[in-house]
Amino acid sequence: MELDWQVCSRARLSRDARFDGKFFIAVLTGSRVYCRSICPAPTAKEKNVRYYPSAAAAAEAGFRPCLRCRPECSPGTPAWLGTPSTVSRALRLIAESGLADGGVEVLAERLGVGSRHLRRLFLQHLGATPSAVAQTRRLDFAKKLIDETSLPMSEVALASGFGCVRRFNASIRKVYQRTPTQIRHLSRQTGILPQNEYFFRLRFRPPYNWNGMLQFLAPRATPGVEAVESGSYRRSISWNGSHGWLEVSLDAGNNGLAVRVQFGDPRSLFSIIERIRAMFDLNADWAAIAQGLAADPVLAMRMEANPGLRVPGCWNGFELAVRAILGQQITVKGATALAGRLVRAFGQPFSVSSGLTHIFPSPEVLADARMDGLGMPKARTETIRALARAVCDGQISIEGVVDSKDFLASMCELPGIGKWTAQYVAMRALGEPDAFPSGDLGLLRALGLTSPRELEQRAEAWRPWRAYASMYLWTIAGERQDRPLTVTAR
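An account of the accompanying structure is given in this report. Small disclaimer: the values here were computed from a predicted structure and weren't measured. Throughout, residues of each chain are indexed from 1 in the direction in which the sequence is written. Local features in a predicted model are, by the rule used here, given only for residues with pLDDT of at least 70; side-chain atom pairs are given and counted only at 80 or more, and totals for whole chains, interfaces and linings are based on all residues. Derived side-chain values reflect all non-hydrogen atoms in the structure, with water molecules and hydrogen atoms excluded from consideration.

**Structural notes on the pairing of strand β7 (residues 232-239)**
Okay, step 1: Relative accessibility thresholds used throughout: buried, under 20% of the residue-type maximum; exposed, over 50%; partly exposed, between the two (1.4 Å probe, protein chains only). Numbering of helices and strands runs from the N terminus; a helix is a DSSP stretch of H or I covering at least four residues, while a strand is a stretch of E covering at least two. The element β7 is extensively covered by neighbouring structure, given that 7 of its 8 residues are classed as buried.
Okay, step 2: Where strand β6 (residues 226-229) and β7 come together, 4 bridges link them in antiparallel fashion. Residue pairing for β7: valine 228 is matched across the bridge by tyrosine 233.
Okay, step 3: Strands are labelled as partners when DSSP assigns at least two bridges between them. Where β6 folds back onto β7 in an antiparallel hairpin, the turn is made up of 2 residues, including serine 230, whose phi is positive at roughly 50°.
Okay, step 4: Where β7 hands over to strand β8 (residues 242-251), the hairpin turn is made up of 2 residues, of which asparagine 240 adopts a positive phi near 55°.

This is the structure:
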């Protein structure tokens, strides 16, 4: 990826937070560090800096992370920004599991390309190989755990994906020129959290419409599993057979979210934090999105009034797909009530003081569940069971999806699932920025259109940001209706 040095220079000199994480600044003199665009250190002369498109590229060039601005805390590089779809999909898979599932060769095989070609693409667009990107992510997360938790170093090593403590210590010392213990002494940890509880700050590029995020999530919060109260979002979670909970609130002073996680297995923290980043769309590049949608006068007016609206993701793709099925042809309020009944009947009890009472039922539980008494049509219960069986049998995977087109086609082959449901799941579970449920009545009402075909024609100009356009159109439709939106099953 080629960077416009003039744009980078202006962002560096102004410390513009909108560019945080989109490029990194390497200082040639002194300690040879690389920094974020918001670094508070004295500004170096232009002749003494170089710009890199990723932290991995700066590290590969021999620079070490700055200890003042902490590059590991910057928002993630938008995966789709200037990169081909192969690189975008590879970045998403690396974010989910690193290269723990077999290295670059297995990653390339999943993407349908050769490993040498994948390395060439990464070098061309990110300035570093897939291995270097994965290694930098591991080191970044290890540094975050050192600074923001009191975990023993042996557990930090395991949680950040290092096979042994010796390798972890050597990698940290090589990159930061300090031992992990010395780095922890430099951190400013405040307070001691209860056992198995962790606190993180996750950054975003402003603007970020937190109120809009909560306004979307609140009416859809599954009773007993999710709760939106007092400006925060809470939910129960399950990962690799262990259960816990998370709480997320706004940390406006630091352009980030404050995240509290209670979970018994620290080895899962990397995956949990990456999932939370996706849930709240923290890697989005608002400047690029706004530029892509501003040509439409309706969207331009709405974005100017409420900038920074993001696409809410989800904790679990299967859970989101079930919620989408429950929402077919009924109100959001009605679908939420059905979800609550489903959870009470089939969810695993889970009790914490925050009012979270259940874990959402797994595909194995719902594959053969008798849902006759829940008050929904028989056809809908059959659709949920068919989805659960397909997930259990491996016919459909809603995690680690490589090709969204194949996923959409597979979803639509299930009885009772059509284009609207599949696109809605792709939008929120896969994080596809161009997913677009064109059959949604709310989207049609917002623009005064009468058919999905008309809407799709108008939406061509919004590519590749149609999911973000949907969020703004839903806010318009919500203001025009006294009751929650209804949607049609396509």
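**A few points about the nonpolar core**
Okay, step 1: For our purposes a nonpolar core is just a set of buried Ala, Val, Leu, Ile, Met, Phe, Trp, Tyr and Cys residues, chained together by side-chain atoms within 4.5 Å. Ranked by internal contacts, the top residues of the largest apolar core, which has 112 residues, are Ile276, Phe280 and Trp462.
Okay, step 2: For this core, the element with the highest residue contribution is helix α22 (residues 466-480), accounting for 9 residues.
Okay, step 3: The next biggest cluster of nonpolar side chains, apart from the first, holds 20 residues, and it includes Leu91, Ile94, Leu99 and Ala134.

**Focus: the packing of aromatic side chains**
Remark: the centre distance and the inter-plane angle together describe each pair of aromatic rings, the angle taken between the planes.
Okay, step 1: A pair of aromatic rings is counted whenever rings of Phe, Tyr or Trp (Trp by its six-membered ring) have centres within 6.5 Å, and the orientation is called stacked for planes under 30 degrees apart, edge-to-face for over 60 and tilted otherwise. Enumeration over the complete set of coordinates arrives at 18 aromatic pairs.
Okay, step 2: Note on tryptophan 210 and phenylalanine 280: the rings are 5.7 Å apart at their centroids and 40° apart in plane angle, and the pair reads as tilted. Separated by 70 residues along the polypeptide, tryptophan 210 in helix α10 (residues 210-217) and phenylalanine 280 in the loop between α11 (269-279) and α12 (286-293) bring together distant segments of the chain. Taken as a pair, tryptophan 210 and phenylalanine 280 share a single burial class, namely buried.
Okay, step 3: Each residue in the set Phe204, Tyr208, Trp210, Tyr233 and Phe280 is aromatic and connected to the rest through ring pairs, giving one cluster.
Okay, step 4: One Lys or Arg, arginine 32, reaches over the ring of phenylalanine 63 and ends 4.2 Å from the middle of that ring. Only when the NZ atom of a Lys or the CZ atom of an Arg is both within 6 Å of the ring centre and within 35 degrees of the ring normal do we say a charge sits over the ring.

**Here's the deal with unusual backbone geometry**
Okay, step 1: The omega torsion across proline 206 and proline 207 is 0°, close enough to zero to call that bond cis.
Okay, step 2: The residue proline 207 is located in the loop between β5 (197-203) and α10 in this model.
Okay, step 3: Omega for the peptide link from arginine 463 to proline 464 comes to 0°, which places this bond in the cis form.
Okay, step 4: Looking at the element boundaries, proline 464 is found in the loop between α21 (452-459) and α22.
Okay, step 5: For asparagine 255, which is not a glycine, the phi torsion comes out positive at approximately 50°.
Okay, step 6: In this structure, asparagine 255 sits in the loop between β8 and β9 (256-263).
Okay, step 7: At glutamine 329, a position not held by glycine, the phi torsion is positive, near 65°.
Okay, step 8: Mapped onto the fold, glutamine 329 is located in the loop between α14 (317-326) and α15 (332-346).

**What to know about the sheet that holds β9**
Okay, step 1: A sheet is described by the order of its strands in space; here 5 strands give the open sequence β5-β9-β8-β7-β6, paired in antiparallel fashion. The open sheet terminates on both sides in strands that have one partner only, identified here as β5 and β6. Averaged over all pairs of adjacent strands, the angle between strand axes in this sheet comes to 20°, irrespective of strand direction.
Okay, step 2: Taken together, the 8 bridges between β8 and β9 define a ladder with antiparallel strand orientation. What sits directly across from valine 248, in β9, is valine 259. Fitted lines through C-alpha atoms give the axes, limited to the stretch in contact for helices. The angle between two N-to-C directions lies from 0 to 180 degrees.

**Quick notes on the sheet that holds strand β2 (residues 33-35)**
Okay, step 1: On the basis of which strands lie adjacent, the open sheet formed by 4 strands has the order β3-β1-β2-β4 and mixed pairing. What marks the edges here is a single partner per strand, and that holds for β3 (49-52) and β4 (64-65).
Okay, step 2: Pairing geometry for strand β1 (residues 24-27) and β2, over 2 bridges, is antiparallel. Considered in β2, the bridge of isoleucine 25 is made with cysteine 35.

Such coordinate-based values are descriptive only and should not be taken to indicate function.
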